[in-house]
Structure formats: structure tokens, C-alpha cells
Amino acid sequence: MSKTLIRGAKVLGGDPQDVLIDGGTVAAVGTGLSAETVEGAEVVEAAGKVLLPGLVDLHTHLREPGREDSETVLTGTRAAASGGYTAVFAMANTFPVADTAGVVEQVWRLGKEHGYCDVRPIGAVTVGLEGGTLAELGAMHESAAGVTVFSDDGKCVHDAVIMRRALEYVKAFDGVVAQHAQEPRLTEGAQMNEGVVSAELGLGGWPAVAEEAIIARDVLLAEHVGSRVHICHLSTAGSVEIVRWAKARGIRVTAEVTPHHLLLTDELVRTYNPVYKVNPPLRTERDVLALREALADGTIDIVATDHAPHPHEDKDCEWAAAAMGMVGLETALSVVQETMVDTGLLDWAGVADRMSFAPARIGRAEGHGRPVSVGEPANLTLVDTAYRGSVDPASFASRSRNTPYEGRELPGRVTHTWLRGTATLVDGKLT
């Protein structure tokens, strides 16, 4: 494995330093390193750029097996590397559902064979995501995939007894249940956020309480059991307050927010463009501001993309028939820079925490979310934070193009990604 010298990068946004990668690990960090003193090293000139630990996404839909028309492990991890990610957690709503040791091992092996980043399968909580019977949680954990995160994402574990049993089961190996908080009866026929815009457009409303009621129930269940619960794609100001209360009480709850919920509002639905149709729906400006503040103060622990690729025909249709979801791996860091860094709510060290350290810790992703220091695995991403450019989905590595940012100018561009010292992205191009 060749040596790489990253020269003059601002590590976590701090003072410029030189970082030497050798043999898959960080071999030196300091100033004054040069190609002459580090014999045979390939030099990456990084003056003005920010060096971060490789990003970790706790919520990615890779679609394989079963929906390879939307995404595959290969194309999805190429998209991840393009966005600065070195590890992703693949959701279980595949075909067949990842509810057995065999299926999670299949996803894990596909990641080993084809992945441009590490792939950690998420196991289903219930058989077939149907909410009726617990899946093989222990077997999936004991499998080669070593599953630690379980979720029926796309559906809510709506039965309180089933949710309690899942929390009790994963407690034995310190796993975590990641809940898609959506009370199904309150969202029947829902098409967008319930509020002024939905009333004016005549679209079925998706009330905030449908999310908040499940979160309130589940943090109390987690407290009762003494287990870990994680809230997927938190989207309302009320949800923020419930999680804040639960954390103050000492309940073992963590939460994520997506980039699109940090930037976009339900006003965009006035265009009737299905690219803005997502679950949970885009909320109000008040919710967006509350989510930003909660991410800044740590009430919300992480940013997770909820990368949800769909083929053209599933999104280019009338609103009511369109699939829910947006791709996000290749634009996530830019949106976080726009909404959190450029607004002064987070510095780059804070971004490293919310997008690398904390998600790796929640998901138990060994070797990821580590400091940029000597002896640590060289899972790194280099960002040109001064760059601004329009989003062009035609340039995406993802197989799907359902981005809400087409033509929008966003800041920042990942120029390099290294996975255990091997470059997967060089000068913005996949290797």
C-alpha cells in the first residue's frame, strides 16, 4: 500500500497540518512534513481544505437485494464515497426483507465484494416488516454481519408490546432499535405535512402528533426496559422537546435529522413536484429552525441521510402516486455546511461529531468515527469548503436521480475519500 501525504489540511477545521497515511493507518500528524522527508509518498496539496474523519451514515437504503433498478450496493457505496462516507448502515426494507441471518449476511458480503465503503446491515425488527412477530434478532447479531441496529424503517413498529419485546431482546447485547415514528392510523391517506399549506392545496395532512406520540411512547418504553432506542429522521419541533425531556431524565435515547429536514419546508409542495414527497414530510420553517438548534445543542445526536433512491418512473408521475424519498449521500455534507456551518451553529469539529463520531458510536461501527491521530485507521475525507456550485444529478454516482436540489447552488465539495488508506475518491473522481 502506497504512502499518501496530505499537506496543509485544516484537521477538523483547525490549524493547517500535514497528515501521513501509511499502511492503512495515520502514521504522522504535524507540520513540516514533506515528500523529501517522507520518502515515496504521494502528495495531496490540501491548503485551505478541511480534513474530517470518514463520514458514517446510520440510515441508507441500498435497495439490494430486490430493487436493483433503484440502487445496488456497488452504486450506493460509490455515491457514499463521493459524499465523503466510509461506512453506511443499510436499511432492512429490501426484497426479501433483511429479517434473517441469511439476508443480512448477503448484504454484508456484497459490501465486502463491491463496496466503496464499509456496509453494515440493519436487521428488521419484525418478520417481513409486518409488525406482528419479532424477527431473528439474536441470529442476525450472531451472524457474520454482526448486526447491532434493528429497524422496520419505512414502517413503524406500532404495537407497544412488540416494541417492548424488541427493546428487551437487544438489551442483551447492547443493540439498538431504530424507530420510524409514524402512528399509522393518524397518517392514513396523508400526503404532506398537516398545516396551512396542506389545507390550501387540498392534500391529506400528516400531523406532527403522529410522530410525536410514538416517540413519547418509545422513550418511556426504553426507560422501563433500560434499553437503547434511536429515533429515525426526527422532523418536528415537538419531537425535539420530547427527546430533550427524555435525555434530561436519563433515558437512553438518540435521534437523527436528515439534511433535507434541515433545509427544506412544506412550502415547496406548492409546486406539486413529487421530488419533494418524502417520509416524514417536509415540515414548516418553525420546525426547520428547531431542528437546527437541536442539532447544534446536541439534543439531536446525528445527521443521517435517509438516502432513498427511486427509479425515474416512480417519481415522475402525479403527486399522489409518487414514491416517497430523496437521494442524499452525495449532497449531505454540502447541506450541513449551508445550514449549520455557514450559519455559525456548528464548527467543523461539531460536524465531525454529528456525521462521524456519534453515528459510529451509536451503531458500534468499529474502526470508524475515530480521531485523525497517529495509529488510527485512515478513514478520512477532504473537503473544499470554499467551493460553491449547482447540483447536477446527471453527475451522481447513485443509480437514481431523485434529488430535491437539482440546479440549486450549495457550498462545499468532497475532493478525496480514503478507506483504510486506499483512495476511493481523488480530485472528485471515483477510483
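The rules we used
- Residues numbered from 1 in each chain as written.
- Predicted model: local features only at pLDDT ≥ 70, side-chain atom pairs only at ≥ 80, totals over all residues.
- Heavy atoms only, no water.
- Buried < 20%, exposed > 50% of the residue type's maximum accessible area, 1.4 Å probe, protein only.
- Helix = DSSP H or I, 4+ residues; strand = E, 2+ residues; numbered from the N terminus.
- Pairing = 2+ DSSP bridges.
- Right-handed = clockwise from strand over helix to strand, strands pointing away.
- Salt bridge = Lys/Arg side-chain N within 4 Å of Asp/Glu carboxyl O.
- Core = buried A, V, L, I, M, F, W, Y, C linked by side-chain atoms within 4.5 Å.
- Contact = heavy atoms within 4.5 Å.
- Axes fitted to C-alpha atoms, helices over the stretch in contact; angles between N-to-C directions.

Undergrad: Is there a simple way to think about the pairing of strand β6 (residues 55-60) in this case?
TA: Looking along a regular strand, one sees the side chains alternate between the two faces of the sheet. By the criterion of burial, β6 is predominantly enclosed, with six of the six residues buried. Bridging between β6 and strand β7 (residues 85-90) involves four bridges; their strand directions are parallel. In the strand pairing of β7, Asp57 is matched with Val88. Running through helix α1 (residues 73-82), the crossover from β6 to the neighbouring parallel element β7 is right-handed.

Undergrad: Just checking my understanding: could you explain the pattern of salt bridges for this structure?
TA: All chains considered together, the criterion is met by 24 salt bridges. A salt bridge links Glu211 to Arg283; its shortest N-O distance comes to 3.8 Å. Of the two residues, Glu211 is situated in helix α6 (residues 208-225) and Arg283 in the loop between α8 (259-263) and α9 (285-297); the sequence distance between them amounts to 72 residues. By relative accessible area, Glu211 is classed as buried at 2%. Of the residues examined, Arg283 reaches a relative accessible area of 1% and is grouped as buried. The partner of Arg388 in a salt bridge is Glu409, and the shortest N-O contact between them spans 2.9 Å.

Undergrad: Looking at this structure, I do not really get the nonpolar core. What am I missing?
TA: Burial of nonpolar side chains together is a common tendency in soluble globular proteins. Judged by nonpolar contacts, the single largest core of 76 residues is most densely connected at Leu234, Leu333 and Met355. Sorting elements by how many residues they give to this core places α6 first, with six residues. The residues contacting Leu234, other than those within four sequence positions of it, are Glu211, Ile215, Ser239, Val240, Val243, Ala255, Glu256, Val257, Leu291 and Ile300. Grouped together as the second largest cluster of nonpolar side chains are 19 residues, Val197, Leu201, Val327 and Val391 included.

Undergrad: Got a minute to help me understand the sheet that holds β6 in this structure?
TA: The strands making up a sheet are joined through hydrogen bonds of the backbone, oriented either antiparallel or parallel. An order of β6-β7-β8 is seen for the three strands of this open sheet, with the pairing classed as parallel. Of all strands in the sheet, those with a lone pairing partner are β6 and β8 (118-121), marking the two edges. Adjacent strand axes in the sheet meet at a mean angle of 20 degrees, parallel and antiparallel pairs treated alike. Its contacts with the sheet put helix α2 (residues 101-114) on β7 and β8, and the angle it makes with β8 is roughly 175 degrees.

Worth remembering: the numbers are spatial, not functional.
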